[in-house]
Amino acid sequence: SNDRGFCMVSLRSRALNEPIRITSKRHGYFPKSFTWRGKRHAVEAVEQCWTVSQPRWSGEAKRHCFRLRTEKVRFVVYQDLQRDQWFLERILRRN
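Residues numbered from 1 in each chain as written. Predicted model: local features only at pLDDT ≥ 70, side-chain atom pairs only at ≥ 80, totals over all residues. Heavy atoms only, no water.

On to the packing of aromatic side chains. Where two aromatic rings form a pair, the distance of their centres and the angle of their planes describe that pair. For the coordinates displayed, the defined rule picks out seven aromatic pairs. Pairing Trp36 with Phe75 gives two aromatic rings, centres 6.0 Å apart and planes at 75°, and the pair type is edge-to-face. In this pair, Trp36 sits in strand 2 (residues 30-36) while Phe75 sits in strand 6 (residues 73-80), placing the two residues 39 residues apart along the sequence. Using a relative accessible area of 10% as the deciding quantity, one classes Trp36 as buried. Ring centres of Tyr78 and Phe87 lie 5.3 Å apart, and the angle between their planes is 25°; this geometry places the pair in the stacked category. An aromatic cluster of three or more residues is present, and its members are Tyr29, Phe30, Phe66 and Trp86. (Phe/Tyr/Trp six-rings, centres within 6.5 Å; stacked < 30°, edge-to-face > 60°. Helix = DSSP H or I, 4+ residues; strand = E, 2+ residues; numbered from the N terminus. Buried < 20%, exposed > 50% of the residue type's maximum accessible area, 1.4 Å probe, protein only.)

Below is the structure:
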C-alpha cells in the first residue's frame, strides 16, 4: 500500500513510516515519550493533533496524527487505528 504522506504535513520532508513504541502518554492519549531506533525521545509539546480517514479496498483506514516537539527535533507520528500500531511518519525540522 502507498502510505507515503498519509498525514500530509510537509512536502519538504521524506516520509519514513517507521514503527515506534509509545512509552508514556499524557491524559491516556497524547504521546509523552516514544522510542525510535532504540532511542527514547521525550515530548516537550504536542503542537497539533488530527484524525485522517482514507478509503481503502479493505475498508476505511483511520489514523490519529500528532505533530510533536522534542528538545531538538519536531516529528509527525501517527497511530494506525486498524492495527493499533504507532509509526514515525516524518521528521519536520530541527528546533
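There's more to say after this.
In this fold, Leu16 is placed in the segment before strand 1 (18-26). When the C-alpha atoms of Leu16 and Glu89 are compared, they prove to be 5.2 Å apart, with 73 residues separating the residues in sequence. In this structure Leu16 touches Trp36, Leu88, Glu89 and Ile91, once residues within four positions along its chain are discounted. (Contact = heavy atoms within 4.5 Å.)

Attention shifts here to the layout of surface pockets. Of the pockets and cavities examined, the largest pocket occupies roughly 220 Å³. Along the walls of the largest pocket sit 12 residues, with Lys39, His41, Thr70, Lys72 and Val73 positioned nearest its centre. Counting only elements with at least two residues in the lining of the largest pocket, the list comes to strand 3 (39-42), strand 6 and strand 7 (85-94). Per-element tally for the lining of the largest pocket: the top contributor is strand 3, with four residues. Tallied by class, the residues present in the lining of the largest pocket amount to five nonpolar, two polar and five charged. (1 Å grid on protein atoms, 1.4 Å probe; cavity = no way out; pocket = protein on both sides within 12 Å on 5 of 7 lines; lining within 4 Å. Points joined across faces, edges and corners; volume = space filled by probe spheres on them. Nonpolar A, V, L, I, M, F, W, Y, C, P; charged D, E, K, R; others polar.)

The phi angle at Asn17 is positive, at roughly 50°, despite the residue not being glycine. Its identity is not glycine, yet Arg37 carries a phi of approximately 50°, on the positive side. Residue classification places Arg37 among the exposed residues on the basis of a relative accessible area of 61%.

All told, the structure shown has seven salt bridges when counted by the stated rule. Residues Glu47 and Arg67 are paired through a salt bridge, measuring 3.0 Å at the closest nitrogen-oxygen approach. Placement of the pair is Glu47 in strand 4 (residues 45-56) and Arg67 in strand 5 (residues 59-69), with a sequence separation of 20 residues. Judged by its relative accessible area of 24%, Arg67 falls in the partly exposed class. Here Arg74 makes a salt bridge to Glu47, at a shortest N to O gap of 2.9 Å. Highlighted residues: Arg74 in strand 6 and Glu47 in strand 4, separated in sequence by 27 residues. The partly exposed category is assigned to Glu47, whose relative accessible area is 27%. Via salt bridges that share partners, Glu44, Glu47, Arg67, Arg69 and Arg74 belong to a single interconnected network. (Salt bridge = Lys/Arg side-chain N within 4 Å of Asp/Glu carboxyl O.)

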